[in-house]
Amino acid sequence: MHPVPRHLHPGAWWLWAVGLATAASRTTNPVLLLLIAAVAGYMVAARRTNSPSSRAYVVFLRLGLVVIAIRVVLAGLFGAALPGHTLLTLPQVALPDWAPGVRIGGPITLESVAAAGYQGLRLAVMLCCIGAANALASPARLLRCVPGALYEVGVAVVVAMTFAPQVIATVSRVRAARRLRGRPNRGLRGIRGVAMPVLEGALERSLEVAASMDSRGYGRSGGLPQSTRWLTAAATLAGLLGVAAGSYGLLDSGTPGLLGLPAVALGVLLATAGLALGSRRTARTRYRPDRWLPPELLVVACGMAIAATFIAIGGTAALQPSVSPLQAPGLPLLASAGLLAALLPSWLSPSVPGLQR
Amino acid sequence: MIDFDRVTFTYPGAPHPTLHDVDLHIPEGELCVVVGRTGSGKSTLLRAVNGLVPHFTGGLLAGRVSVAGRDTRTHPPRELADVVGLVGQDPAAGFVTDAVEDELAYAMESLGIAPAVMRRRVEDTLDLLGLVELRDRPLGTLSGGQQQRVAIGSVLTAHPAVLVLDEPTSALDPPAAEEVLAALQRLVHDLGMTVLLAEHRLERVVQYADRVVHVPGDGALLEVDTPARVMAAAPVFPPVVGLGRLAGWDPLPLSVRDARRAAGSLRDRLTDRAPVRPRTTPPGGVVAEVRGLAVTYGPIVALRSVDLRLHHGEVVALMGRNGSGKSTLLAALVGLLKPSGGRVTVGGRAPYGRPAKEVVREVGLVPQEPGDLLYAETAAAECAQADTDTGAPAGTTAAIFGRLAPGIGGGTHPRDLSEGQRLCLALAVIMSAAPPLLLLDEPTRGLDYTAKARLVEILRGLAAGGGAVLLATHDVELVAEVAARTVVLAEGEVVSDGPTGDVVTHSPGFAPQVSKVLAPQRWLTVDEVAKALAG
């Protein structure tokens, strides 16, 4: 299948990545987790855009490695050791009786390192999925898809996001200027000397942007009556809260299923109603809106497929391999099918235009 | 189209009004240039057109400003967005989105223009301003000239009846400036747009103007007249007008073409005279040497292989289009950058990696934005801090500052100084360490002719005292005045290096006005001609 190259709707990529992250959250099986990270990485390599956020995957991957390291070190130092093969024994700090279950130092077993490593890996792989979403469709493009009623909020968030790189640029400029004056860049005085001009510069830039946005029509009265705006806001807020609560239910395997899907569905319904109400009468338009076509649906379906298989397998030993006693993790057939499904968009989705690899 | 009726405006807390009893009526389809010295209120006048003054700035506005019949008293800037497009001094500071196409579409989205119309207007604007190849680029990766064109495009797409521009060409190299001005010209001629623009570089714009508004400042009344009449008496004027005044031409020529047609007799009088210029390589020794210098930023090559020698007692101009590597070369000379290849030596040693305190005694750089160097609350505190930083005796910096810009109270906040005064303060701070080599990056941005003349004097004084100056600039007229030698960079390589008279007259883009008027004779400045005629 060779569709005409185009940018996929950013929402499709983000939903696909959410599916992947949901699957990752359901398992501690290192083989499956590494495969999920590999699927995400492969998709980034195949379909990333040329926007600045396309390097996000590597950044999140590094962050994930840091998470694993911290998790393992903390478990080794403070966690209760699982019985098994002792790797090394640290000097233990004797704690008084009123602190039972707390331990500093002592023996470190292979089993406890493995348990901590698996949990760290799960978090790291979920971070990778977020990184992949950022690389496949920049958050700025995702924000452009917000409904008309949220237009102004979306623009405000976009401006805020361009702010961080600006601050970094200002910091390097100020540091260079300090060097030109022969002043120290290190130490407490150095930091203070850099912070003040950077803050001043940031404030000035904010004012400039505000003036520019104002003179280009930001916040023109869209002709909406006050009551409609209130109703829109209330419905949207309630809907978003529902979505948040529902997502928590979906991602946390300990919560009863009742809180998961129904809450998400209700939230989406409320939020959609609110936004439709608000957007119906606003006088804003969108330049080249991203369209939602069959390939988008396919990509989302692939993401949902992997999430569904992992949820279906449930909390079996295949997804949560035993660490005490330590056993080699397996590769369940259904989960492998889900992984393959998640990889399908690299053939099914249209390639990115204008990139020469 | 634009009407100011007896407008007086005072900023909050200011003792005197910035605009005083302004009566100005600009009809549809006119290109009107606002001239005046730094700090005379040009920007205030421009920002009053779309109501940013006083809606955004605060302050008291008496009288009436109306655009296309809409009073700014009842219409805040956002309600005027469909009739007035405003482009500020620093285009990058006003960007809302992060990609070229989105930025062009932003104003139209706010105005609720139909998607099909938006699409067509964006394509038209990309063509009109020559931005087609840049349509997908992130805004942060564009050069100054490209950013300026995107900023103009981003207000054009809303099809405003009035376009207001604050110094649209001050950051641009000569070819890029001509591109922008040509685009404006087309808007006025083809679309009947009304354009109001402020500019210090009169040599670039005055020939296109239908009328000139001179803002004298100090509470005096505006002078509004045809360009020729305003230029005959105004204290700020381009070199071609200076030449016309010197030769007594009437009517006063405003463009090189008009001047050339009038210049026949002047050329005859000058045939057997030659300009008196200093020798190219003064007797002084080498201050700094660059050999085979290469600098790369990731995959981008900023400098390829640069060889350059700077001597005591010379002023060297560094020219080249935006993004040709001028700033990178300066940064490498002060050791802000690590060379990827080749060698830089200043005062016999490589500046990179040495402690900042030592380097400032060998070489000083005034960056593009002199304000970056200044953080103190007052000018006096800034001077005192510079003395401690460089270990100079107390009062050194204040004395230099007093010499460069006399009569400024030490209690003034650096942000309240005019551009020219701020440049002088930054220069004083850098010069307090008495470096034998001084580097300046785009020093004339935002400077009027008076401040520029002062800068020329300062630089000549430095060179006469044995210092070396390297000046990165787009301002050919300044180069003609002050630099004996010019180096041109392109794509990170030196493409010419020689006496200014030879280098700048060879390429039409970089030639100063006087040399264009008097070609094939090789005169560079009005001063040279005046001296030759007198002597």
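Please read all numbers here as calculations on a predicted model, not as lab measurements. (Residues numbered from 1 in each chain as written. Chains lettered and ligands numbered in written order. Predicted model: local features only at pLDDT ≥ 70, side-chain atom pairs only at ≥ 80, totals over all residues.)

Considerations on the overall build of chain A
Item 1. Across its full length, chain A holds 12 helices and two strands.
Item 2. For chain A, the proportion of its 357 residues judged to be buried stands at 39%.
Item 3. Contacts in chain A between residues far apart in sequence, at least 24 positions, make up 80% of those at least 6 positions apart. (Helix = DSSP H or I, 4+ residues; strand = E, 2+ residues; numbered from the N terminus. Buried ≥ 20, exposed ≤ 12 C-beta atoms within 10 Å, placed from the backbone. Contact = placed C-beta atoms within 7 Å.)

Digging into the overall build of chain B
Item 1. From N to C terminus, chain B includes 21 helices and 19 strands.
Item 2. Expected size for 535 residues packed as a compact globule is a radius of gyration near 24 Å; at 24 Å, chain B falls within 12% of this value.
Item 3. Principal axes of the C-alpha set define a box for chain B whose edges measure 65 × 55 × 50 Å.
Item 4. Among the 535 residues that make up chain B, the fraction classed as buried is 55%.
Item 5. Across chain B, the fraction of contacts at a sequence separation of at least 24, relative to all contacts at a separation of at least 6, is 69%. (Rg over C-alpha atoms; globule rule 2.2 N^0.38 Å.)

A short note on unusual backbone geometry
Residue and element names in this part refer to chain B.
Item 1. Here the amide bond leading from Val-53 into Pro-54 is cis, since omega sits at 5°, within 30 degrees of zero.
Item 2. By the secondary structure assignment, Pro-54 is in helix 2 (residues 52-55).
Item 3. The linkage connecting Asp-250 with the following residue, Pro-251, adopts the cis geometry, with an omega of 0°.
Item 4. Residues other than glycine seldom take positive phi values, yet Ala-68 does so here, at roughly 50°.

Some thoughts on the sheet that holds strand 13 (residues 315-319) of chain B
Residues and elements named next belong to chain B.
Item 1. Spatially, 15-16-17-13-18-19 is the arrangement adopted by the six strands of the open sheet, whose pairing is mixed. Whereas interior strands pair on both sides, the edge strands pair on one side only; in this sheet they are strand 15 (363-366) and strand 19 (493-499). Geometrically, the sheet is characterised by an average inter-axis angle of 15° between neighbouring strands, direction not taken into account.
Item 2. As defined by bridge partners, strand 18 (residues 485-490) adjoins strand 19 across six bridges and the pair is classed as antiparallel. Its bridge partner lying in strand 19, Ala-490 is registered against Glu-493. (Pairing = 2+ DSSP bridges. Axes fitted to C-alpha atoms, helices over the stretch in contact; angles between N-to-C directions.)

Things to note about the domain arrangement of chain A
Item 1. Parsing chain A into structural domains produces domain 1 (1-140 + 291-357), domain 2 (146-218) and domain 3 (228-288).
Item 2. Computed from C-alpha atoms alone, the centre-to-centre distance between domain 1 of chain A and domain 2 of chain A is 34 Å. (Domains from an automatic or database assignment.)

What to know about helix 1 (residues 10-25) of chain A
Item 1. Across its 16 residues, helix 1 of chain A extends 22 Å between first and last C-alpha, which sits within 8% of the 22 Å expected from 1.5 Å per residue.
Item 2. Most of helix 1 of chain A sits inside the fold, with 15 of its 16 residues counted as buried. (Expected span 1.5 Å × (residues − 1).)

A closer look at the interface of chain A and chain B
Item 1. Each partner contributes residues to the interface: chain A has 40 residues there, and chain B has 47 residues.
Item 2. Mapped by element, the contributors of at least two residues to the side of chain A that touches chain B are helix 6 (151-180) and helix 7 (187-215) of chain A.
Item 3. Classifying every residue of the side of chain A that touches chain B by side-chain character gives 18 nonpolar, 10 polar and 12 charged. (Nonpolar A, V, L, I, M, F, W, Y, C, P; charged D, E, K, R; others polar.)

A closer look at the sheet that holds strand 10 (residues 223-225) of chain B
Residue and element names in this part refer to chain B.
Item 1. Here six strands make up an open sheet; going across it, the order is 6-7-8-3-9-10 and the pairing mixed. Strands at the two margins of the open sheet, each flanked by one partner only, are strand 6 (84-87) and strand 10. Direction aside, neighbouring strands of the sheet carry axes that sit 15° apart on average.
Item 2. Pairing geometry for strand 6 and strand 7 (residues 162-166), over four bridges, is parallel. Bridge pairing in strand 7 places Leu-86 opposite Val-164.

Quick look at the environment of Asp166(B)
All names here are of chain B.
Item 1. One can find Asp-166 in strand 7.
Item 2. Counting along the chain gives 33 residues from Asp-166 to Glu-199, while the straight-line C-alpha distance between them is 6.9 Å.
Item 3. Discounting residues that sit within four places of it in the chain, Asp-166 has contacts with Ser-43, Leu-46, Val-87, Gly-88, Gln-89 and Ala-198.

Some remarks on the environment of Glu123(B)
Item 1. In this structure, Glu123(B) sits in helix 4 (residues 115-128).
Item 2. A sequence separation of 22 residues divides Glu123(B) from Glu101(B), and the C-alpha atoms of the two residues are 9.3 Å apart.

Digging into the packing of helix 1 of chain A against helix 4 (residues 110-136) of chain A
Residues and elements named next belong to chain A.
Item 1. Relative to each other, helix 1 and helix 4 sit at 175°, their axes nearing to 9 Å. Classified by the interaxial angle, the pair formed by helix 1 and helix 4 is roughly antiparallel. Taken together, the residues of helix 4 that come into contact with helix 1 (itself represented by Trp-13, Trp-14, Ala-17, Leu-20, Ala-21, Ala-24 and Ser-25) are Arg-122, Val-125, Met-126, Cys-129, Ile-130, Ala-132, Ala-133 and Leu-136.
Item 2. For the contact of helix 1 with helix 4, the residue count by class is 13 nonpolar, one polar and one charged. (Parallel < 35°, antiparallel > 145°, perpendicular 65-115°, else oblique.)

Focus on helix 1 (residues 42-49) of chain B
Note on helix geometry: an α-helix contains 3.6 residues per turn, so any two residues three or four positions apart are oriented the same way.
All names here are of chain B.
Item 1. Helix 1 sits mainly inside the fold: eight of its eight residues count as buried.
Item 2. Within helix 1, burial applies to Lys-42, Ser-43, Thr-44, Leu-45, Leu-46, Arg-47, Ala-48 and Val-49.
Item 3. Following helix 1 by one or two positions, Gly-51 has its phi on the positive side, about 90°.

Structural notes on the packing of helix 14 (residues 379-390) of chain B against helix 16 (residues 419-431) of chain B
Residue and element names in this part refer to chain B.
Item 1. It is at 9 Å that the axes of helix 14 and helix 16 come closest, and there the two elements cross at 20°. Of the possible angle classes, the one that applies to helix 14 and helix 16 is roughly parallel. In this structure, helix 14 meets helix 16 at a crossing whose hand is right-handed. Two secondary-structure elements touch here, helix 14 through Ala-379, Glu-382, Cys-383 and Ala-386 and helix 16 through Leu-425, Ala-428 and Val-429.
Item 2. Here the residues of the contact of helix 14 with helix 16 sort into six nonpolar, no polar and one charged. (Left-handed = near helix turned anticlockwise from the far one by under 90°.)

Here we look at the pairing of strand 17 (residues 468-472) of chain B
All names here are of chain B.
Item 1. Of all five residues in strand 17, five are buried; the element is thus mostly enclosed.
Item 2. In terms of strand pairing, strand 13 meets strand 17 through four bridges, oriented parallel. Following the sheet pairing, Ala-317 is matched in strand 17 by Leu-471.
Item 3. Looking at chain direction, strand 16 (residues 437-441) and strand 17 are connected through five bridges and run parallel. The residue bridging Asp-441 from the neighbouring strand is Ala-472, located in strand 17.
Item 4. In this view, the connection linking strand 16 to its parallel neighbour strand 17 by way of helix 17 (residues 449-464) has right-handed handedness. (Right-handed = clockwise from strand over helix to strand, strands pointing away.)

Description of the environment of Leu74(A)
All names here are of chain A.
Item 1. Here Leu-74 shows up in helix 3 (residues 56-78).
Item 2. What makes Leu-74 exposed here is the crowd of 12 C-beta atoms within 10 Å.
Item 3. The spacing of Leu-74 and Leu-63 is 11 residues in sequence and 17 Å in space, taken between C-alpha atoms.

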